[in-house]
There are 4 protein chains.
Amino acid sequence: MNTIGILTSGGDCPGMNAAIRAAVFAAAARGMRIYGIQCGYQGLYDADWEELTPEKVDDIHQRGGTVLRTARFLPFSDAARRKGAIRQCIRNCRKNRDAAGNPNPIEGLVVVGGDGSFRGAFDLTKKNLPCVCLPGTIDNDIACTDETIGYDTCLNAVCAMVDAIADTARSHDRCIIVEVMGNMAGDLTLYAGMAAGAVTVVPEEGYDLPEQGEMSAEEVARFDGGIAQAIAAAKAAGRRSFVVLVAEGFTGKKDKNGRTRYPGGMEALAKRIQQLTGVETRADVLGYVQRGGKPSARDRILAAQMGARAVRLLAENQSNRVVILRGGAVSDLGITRALHMPKKLSAEDIALAKSLRYDSV
Amino acid sequence: MNTIGILTSGGDCPGMNAAIRAAVFAAAARGMRIYGIQCGYQGLYDADWEELTPEKVDDIHQRGGTVLRTARFLPFSDAARRKGAIRQCIRNCRKNRDAAGNPNPIEGLVVVGGDGSFRGAFDLTKKNLPCVCLPGTIDNDIACTDETIGYDTCLNAVCAMVDAIADTARSHDRCIIVEVMGNMAGDLTLYAGMAAGAVTVVPEEGYDLPEQGEMSAEEVARFDGGIAQAIAAAKAAGRRSFVVLVAEGFTGKKDKNGRTRYPGGMEALAKRIQQLTGVETRADVLGYVQRGGKPSARDRILAAQMGARAVRLLAENQSNRVVILRGGAVSDLGITRALHMPKKLSAEDIALAKSLRYDSV
Amino acid sequence: MNTIGILTSGGDCPGMNAAIRAAVFAAAARGMRIYGIQCGYQGLYDADWEELTPEKVDDIHQRGGTVLRTARFLPFSDAARRKGAIRQCIRNCRKNRDAAGNPNPIEGLVVVGGDGSFRGAFDLTKKNLPCVCLPGTIDNDIACTDETIGYDTCLNAVCAMVDAIADTARSHDRCIIVEVMGNMAGDLTLYAGMAAGAVTVVPEEGYDLPEQGEMSAEEVARFDGGIAQAIAAAKAAGRRSFVVLVAEGFTGKKDKNGRTRYPGGMEALAKRIQQLTGVETRADVLGYVQRGGKPSARDRILAAQMGARAVRLLAENQSNRVVILRGGAVSDLGITRALHMPKKLSAEDIALAKSLRYDSV
Amino acid sequence: MNTIGILTSGGDCPGMNAAIRAAVFAAAARGMRIYGIQCGYQGLYDADWEELTPEKVDDIHQRGGTVLRTARFLPFSDAARRKGAIRQCIRNCRKNRDAAGNPNPIEGLVVVGGDGSFRGAFDLTKKNLPCVCLPGTIDNDIACTDETIGYDTCLNAVCAMVDAIADTARSHDRCIIVEVMGNMAGDLTLYAGMAAGAVTVVPEEGYDLPEQGEMSAEEVARFDGGIAQAIAAAKAAGRRSFVVLVAEGFTGKKDKNGRTRYPGGMEALAKRIQQLTGVETRADVLGYVQRGGKPSARDRILAAQMGARAVRLLAENQSNRVVILRGGAVSDLGITRALHMPKKLSAEDIALAKSLRYDSV
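Remember, predicted model here, so these are calculated numbers, not experimental data. (Residues numbered from 1 in each chain as written. Chains lettered and ligands numbered in written order. Predicted model: local features only at pLDDT ≥ 70, side-chain atom pairs only at ≥ 80, totals over all residues.)

**Some details on the overall build of chain A**
- In terms of regular secondary structure, chain A is built from 13 helices and eleven strands.
- Taken over C-alpha atoms, the radius of gyration comes to 22 Å for chain A, in line with the 21 Å a tight globule of 361 residues would show.
- When the backbone C-alpha atoms are referred to their principal axes, chain A occupies close to 75 × 40 × 30 Å.
- Counting across all 361 residues of chain A, residues that qualify as buried make up 62%.
- Considering only intrachain contacts with a sequence separation of at least 6, the fraction spanning at least 24 residues in chain A is 74%. (Helix = DSSP H or I, 4+ residues; strand = E, 2+ residues; numbered from the N terminus. Rg over C-alpha atoms; globule rule 2.2 N^0.38 Å. Buried ≥ 20, exposed ≤ 12 C-beta atoms within 10 Å, placed from the backbone. Contact = placed C-beta atoms within 7 Å.)

**Section: the environment of A:His340**
All names here are of chain A.
- Topologically, histidine 340 is positioned in the loop between α12 (335–339) and α13 (347–355).
- On the neighbour-count criterion, histidine 340 (10 C-beta atoms within 10 Å) is exposed.
- In the structure, histidine 340 is positioned 197 residues away from alanine 143 in sequence and 8.4 Å away in space, judged by C-alpha atoms.

**Digging into the relation of the copies chain C and chain A**
- When chain C is fitted to chain A, the best match, at an RMSD of 0.0 Å, comes from turning it 180° and sliding it 0.0 Å along the axis. With respect to symmetry, the two chain copies, as superposed, fit the operation of a two-fold axis.
- Here 100% of the interface residues in chain C have copies in chain A that are interface residues too; the copies meet face to matching face. (Least-squares fit on C-alpha atoms with pLDDT ≥ 70 in both.)

**What about the interface of chain B and chain D?**
- Each side of the interface is counted separately: chain B has 38 residues, and chain D has 38 residues.
- For the side of chain B that touches chain D, the secondary structure elements donating two or more residues are α1 (16–29), α3 (54–57), α6 (151–172), α7 (187–196), α11 (297–315) and α13 (347–355) of chain B.
- By residue number, the principal contributor to the side of chain B that touches chain D is α11(B), which donates seven residues.
- Class assignment for the residues of the side of chain B that touches chain D results in 20 nonpolar, eleven polar and seven charged. (Nonpolar A, V, L, I, M, F, W, Y, C, P; charged D, E, K, R; others polar.)

**Remarks on the domain arrangement of chain A**
Residues and elements named next belong to chain A.
- Looking at the assigned domains, one finds that chain A contains domain 1 (3–149 + 295–339) and domain 2 (152–291).
- Taken over C-alpha atoms, the centre of domain 1 sits 34 Å from the centre of domain 2.
- Taken together, the contact between domain 1 and domain 2 spans 13 residues of the former and 13 residues of the latter.
- The class makeup of the residues in the side of domain 1 that touches domain 2 is four nonpolar, three polar and six charged. (Domains from an automatic or database assignment.)

**Regarding the pairing of strand β9 (residues 281–285) of chain D**
- Within β9(D), five of the five residues are buried, which leaves it mostly tucked inside the rest of the structure.
- Neither face of β9(D) is open: one carries D:Thr281, D:Ala283 and D:Val285, the other D:Arg282 and D:Asp284, and all of them are buried.

**As for the packing of α1(B) against α11(B)**
Residue and element names in this part refer to chain B.
- Contact pair α1 / α11: the axes reach a minimum separation of 7 Å and the direction vectors enclose 40°. For the element pair α1 / α11, the angle class is oblique. Crossing of α1 over α11 shows right-handed handedness. Contact residues: Ala18, Ala19, Ile20, Ala22, Ala23, Ala26 and Ala27 in α1; Asp299, Arg300, Ala303, Ala304, Met306, Gly307, Ala308, Ala310, Val311 and Arg312 in α11.
- Of the residues belonging to the contact of α1 with α11, the class tally is 13 nonpolar, one polar and three charged. (Axes fitted to C-alpha atoms, helices over the stretch in contact; angles between N-to-C directions. Parallel < 35°, antiparallel > 145°, perpendicular 65-115°, else oblique. Left-handed = near helix turned anticlockwise from the far one by under 90°.)

**Considering the sheet that holds strand β3 (residues 49–52) of chain C**
Residue and element names in this part refer to chain C.
- One open sheet holds the seven strands; their spatial order is β3-β2-β1-β4-β5-β10-β11, and the pairing between them is mixed. Lying at the two open borders of the sheet, with one neighbouring strand each, are β3 and β11 (329–334). Averaged over neighbouring strand pairs, the angle between their axes works out to 30° when direction is ignored.
- Taken strand by strand, helix α11 (residues 297–315) contacts β1 (3–8), β4 (108–113), β5 (131–135), β10 (321–326) and β11, and its axis lies near 170° from that of β5. (Pairing = 2+ DSSP bridges.)

**A short note on the pairing of strand β8 (residues 242–247) of chain D**
Residue and element names in this part refer to chain D.
- In terms of burial, β8 is largely enclosed, as six of its six residues are buried.
- Here β8 shows two buried faces, one formed by Phe242, Val244 and Val246 and the other by Val243, Leu245 and Ala247.
- The pairing of strand β6 (residues 175–180) with β8 spans six bridges and is parallel. Among the inter-strand pairings, cysteine 175 is bridged to a residue of β8, identified as phenylalanine 242.
- One ladder, built from three bridges, connects strand β7 (residues 199–201) with β8; its direction is parallel. Paired with valine 199 across the strands is valine 244, a residue of β8.
- Running through helix α8 (residues 217–236), the crossover from β7 to the neighbouring parallel element β8 is right-handed. (Right-handed = clockwise from strand over helix to strand, strands pointing away.)

**Section: the relation of the copies chain B and chain D**
- Between the two copies, chain B and chain D, the superposition gives an RMSD of 0.0 Å; the rotation angle is 180° and the shift along the axis is 0.0 Å.
- When the interface residues of chain B are mapped onto chain D, 100% of them are again interface residues, pointing to one common binding face.

**A word on the environment of B:Phe76**
- Summarising the element assignment, B:Phe76 is placed in the loop between α3 and α4 (79–95).
- With near-sequence residues (within four places) excluded, B:Phe76 lies in contact with B:Tyr41, B:Arg82, B:Ala85 and B:Gly120.

**Let's talk about the packing of helix α8 (residues 217–236) of chain C against helix α10 (residues 265–277) of chain C**
Residues and elements named next belong to chain C.
- Relative orientation of the contacting elements α8 and α10 amounts to 50°, with a least axis distance of 10 Å. By the criterion of interaxial angle, the relationship of α8 to α10 is oblique. Crossing hand, α8 versus α10: right-handed. Within the contact between the two elements, α8 uses Asp224, Ile227, Ala228, Ile231 and Ala232 and α10 uses Arg272, Ile273, Leu276 and Thr277.
- Residues that form the contact of α8 with α10 fall into these classes: six nonpolar, one polar and two charged.

**A word on the interface of chain C and chain A**
- On the chain A side, the residues contacting the 38 residues of chain C number 38 residues.
- With seven residues, the single largest contributor to the side of chain C that touches chain A is α11(C).
- Across the side of chain C that touches chain A, the residue classes tally to 20 nonpolar, eleven polar and seven charged.

**A short note on the sheet that holds β9(D)**
Residue and element names in this part refer to chain D.
- Strand order across the open sheet formed by four strands is β7-β8-β6-β9, with parallel pairing between neighbours. Looking along the sheet, the strands with just one partner apiece sit at the ends: β7 and β9. Taken over all neighbouring pairs, the strand axes of this sheet differ in orientation by 20° on average, direction set aside.
- In this fold helix α6 (residues 151–172) packs onto β6, β8 and β9, with an angle of close to 165° to the strand it touches most, β6.

**Brief notes about helix α7 (residues 187–196) of chain C**
- The buried count for α7(C) comes to ten of ten residues, which makes it a mostly enclosed element.
- Those residues of α7(C) lying buried are C:Asp187, C:Leu188, C:Thr189, C:Leu190, C:Tyr191, C:Ala192, C:Gly193, C:Met194, C:Ala195 and C:Ala196.
- Buried-residue contacts for α7(C) involve α11 (297–315) of chain A together with α6 (151–172), β6 (175–180), β7 (199–201), β8 (242–247) and α13 (347–355) of chain C.

**A short note on helix α7 (residues 187–196) of chain D**
- Of the surrounding secondary structure, the elements contacted by the buried residues of α7(D) are α11 of chain B together with α6, β6, β7, β8 and α13 (347–355) of chain D.
- Directly after α7(D), the chain includes D:Gly197, whose backbone phi takes a positive value near 75°.

**Notes on the confidence of the model for chain A**
- Chain-level statistics for chain A give a pLDDT mean of 96 and a share of 100% at 70 or above.
- For this predicted complex, the interface score ipTM comes out at 0.97, alongside a pTM of 0.97. (pLDDT = per-residue confidence, 0-100.)

**Description of the arrangement of the chains**
- The two partners chain B and chain C share no contact, and the minimum distance between any of their C-alpha atoms is 11 Å.
- Taking C-alpha atoms as the reference, chain A and chain D come no closer than 11 Å and do not contact one another.

**A word on the environment of A:Val244**
All names here are of chain A.
- Note on placement: valine 244 falls in strand β8 (residues 242–247).
- Linking valine 244 and threonine 189, residues 55 residues apart in sequence, is a C-alpha distance of 9.5 Å.
- Beyond its immediate chain neighbours, meaning those up to four positions away, valine 244 contacts Cys175, Ile177, Val178, Ala198, Val199 and Ile227.

**As for unusual backbone geometry**
- Positive phi, close to 50°, is recorded for C:Ala47, a residue that is not glycine.
- One can find C:Ala47 in the loop between α2 (41–45) and β3.
- Judged by local crowding, C:Ala47 falls into the partly exposed class, with 17 C-beta atoms found within 10 Å.
- One non-glycine residue, D:Asn140, adopts positive backbone phi at about 55°.
- Among the structural elements, D:Asn140 can be located in the loop between β5 (131–135) and α6.

Pasting the structure below:
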């Protein structure tokens, strides 16, 4: 394999640039050429790419987001258009020419993104464009890897923000309920809560959440009741301020009718908790500030290890693989298997987080 | 004057603890006693205080919020109850006894807070409890001082968050509209925008904003139009991502009917801008993370200078003063005069911020 | 087991407080009492301790260092005095009384520290004071665990500082050689270098380092030559500024005659490199700023998991254990076995770090 | 004036890039062209420059250091060569041609740097190349301005590092003596100490410091004695750990014989203080980490205001000016006058810093 491409897909995350840099250096070290494809699969479809060299990417690893940009590519999620779109992508790769005008087909692809992005890679591999995927998302919601690129940076950001919010909660004797990113995965919420000593509610605690529409009245009552009980216990133990972290799967994700699972979202939740507990309560959505920013050392290192491995796998003609962190070490796994693993959250750590809260003792 | 009190009032801000610490050290250096009053004027009304010593406050200056806590004290804003409440506060101060049970009246008061808090201090001074006020709020919305304690820390926080958000905007070719704190003052919005190169909209640009209810359709059209025009110009100049900062006075402050001045608040604004510009647009409210956190060096220094000056003024039997930063130096001013100064925002800096944006060249 | 103690020993590190907090909460959850012992084994010898409660430690996890303080305890490293000292420690634990004056012997001990501290725990266990150890050091130089408490925070700090130093190196077309902590372990140096794209030199690359005195002239020549070659290669590839990280084992640790292994330490090294490369070169020792500061989310989580596990092990009457992170999960190991494992650094990662540098392509 | 140049000179500092960006945007807004000159006056001598546009500099304001690089230019400090060098610089500016090959002389110059750099600007102005200077240095050692670009960022960095070091000092019951940058100006030391509550020693306290060679034995004794006394007083007041900040003018600046003013520098100082106080004492030199890093919001704003003003002054045919911050507002001053102002440090603030320390009460 002489020439490969790399693209970033799905939501951006810190560390994507470090992965790109590592792939470019690894390719150069093997004498391979590497093209940076713009805007995810859209750029593959539009043949929008340029050759990358160590010089061009030497300083990007410190920066958040992705210099290759990222976008949703609708044809891949539309059964009627998918086949044609894949063909077009493959054709573009085959027809590639270098700066001098010589044929220089792109023979393999590194895809950095969430598991939605892995499906596109799987389809391309089937049509003979070998792909290797890297898990890149702040949400840590990819089952096959213990950790995704971007997660550690985001966890630090959320933890620091919860520390700051706790200053205000304490100064005003208030409860502040904070919505934390993570989609349907509670990792960010749970572990930021464990790090900060905050009350947490995550989908993995056994909530029966609808795909569309609102939670049942029973689920809402259970949800509210859990928080209210924690606050009551902490109050009884002498606390006057409270920080509660809620995973965005409950309050932040809207269905096509604009409804969140928790009826009314964060504002409604804060009102209900205030009624139930008698504590002045405010809602706070952390939002985009969780996603950007300089990657942590750990994310840069993970990205470097994973980016280099992806290039090695392609160089060794292995494909249809996802690079993962498992058991403390970087390895890899077939995409199909990766996509069929159930995402879990440690029940032991859910219990541990609870036991570190002031209301539990 | 042998014994004084100190309280923090209004919204908490970083640097309040540094001001408390400085006042305690300054009092100790003069052989004065100082009591820390809990929860603002509420604690004065409830005689909820304890003596502070350098030992007790030695490490608090690094922490956000206020160790004395803060609260709204409703009787002071209720004409019917104010008089009685003030009398009660004064009586409590006179009746204070030290730990040994000896009479130890509180003879003066340092008040750290916003200009709402200054009015209470003015009333207490009139009833012979000498007060000196320090401006403490992240909003920088106190006319008499060039800078309030807490503003610099918050400005740094907002600026860093806008940098992070710009990473995501760039990665996705999006416009992200960010609501920044500051109440009706555009300082945080304008200067964070100048520091980060973002588009800004502040009330001081001549918007005719209603006290209650929504902006007129003309004002809304002008508001939307200004943002859309900036984006169109930047697009024409080759940019694909945009960050717009909007002061919370437009979208974040609700009247008693729950209406924001900009109809529908941030979500509605993002939708409108997307329609007008054709650029995918998202809304983001920074929220509480702007308020807490470690104070910056500048805020700690300002708080130290102001806290020490307040104690000196009381020791010299000056009262009814606000300590201010004016012309680069700390000085002081009568409360009455301070409360009657109009708050301004530099027109020159509004123009400068505009000229540093990509759409302006 | 009804009552246990906890102490921190060796150099302080971020996360020690989070471990203490977790142990206190875990003890409370099991109805056990826990005493905080001051200044490491010194406090055990002096019976200098006080009972800890969740209330007392609720806010300590955000702070660097250790609220229990730490110190070297000489009698434990002095064969003549060790036996007596251990007996005294054991006796103090047995004689402990609670606040009400009732007998309340300390029956087990949690020790947070480096592997020097583990030896003391081993001796105490042999004399029937069951001990469980947690690895706490920024150096990550404990063989039995993949990661120590404090390492992740320090790695982030070093990485951020190297980013900042690179700004200055670039602005001045200079080489800056940076001494990084880690004792004889190259972990901090290697991984910070990998994260930042800097040249690194670590003891684990096969240097034959003397316990006392200076490296041989051959080793010095090899050392200098490696750095000079990397700079020459990067220069040839078009770079004008260079950052080199050197593990403190070479230049920062002095023998009893005040000699560092690299003759003359950092200043001499910078001069030599300037002579060899013709590039203006400066030396920079990061120093203490690597050790303090707020623990990262990861360190707080690891500390929480380890602290809770230590208490569980004691409650289950297991002792003489070290809690470790191995294969991505927290588990535990016998102290004897832990102390006999050889410390390694991944040869693959040493090669990877090299390949990510500009001089290697 | 149609075309100007900009260069950065002297030590790099955070905010230089924000000043460059502002100058480029300001020039573009006036329809002027602006050239970025590499490596300070060296690039003027070598005609090493390229045209800058808003597009090229749009993202640089977030980054530390200077994208134009900086260097010492020896001919300007060598009487024999200065005249010829200035003539060569002027000639290069006159002969400049644009990308299309048309004559495009550089008619004015913005110089960002310390007061050494101002002298070169003064000489160029005399030879009819109008210059306007901006004060850019972390040291805040330029008499004519209340604040230099870079100072606020550095002050925050030093303050945060002192906080971290205090964690370690407290954990080990130690004294840590920290050398802080600032050349012969004590601003960074004094105000970081005021912000952090540390003991400080600055040249402005009346030390009689030699240009070359070591302080007299009497000065050394006075120096040591001041620190020892502060520690003794704090010890008496119950403290067990101490952080002392010393300005680098004493211990860090070497004369041509390699001697620091304080004999033996930081290591010797730490030993002496340990002897005098009986407290275990360590030395720590903060070093380069003080200089790089993202500029603070305040530094970016100051740089923007100053950069825009410099271009306006040139556009209005004013020259030989230094842009300054005075009395809280940006204005400007003749270079000659600027160079003859004596640098002072507020005696009131020296006293205030002392009074906020634990040893003073």
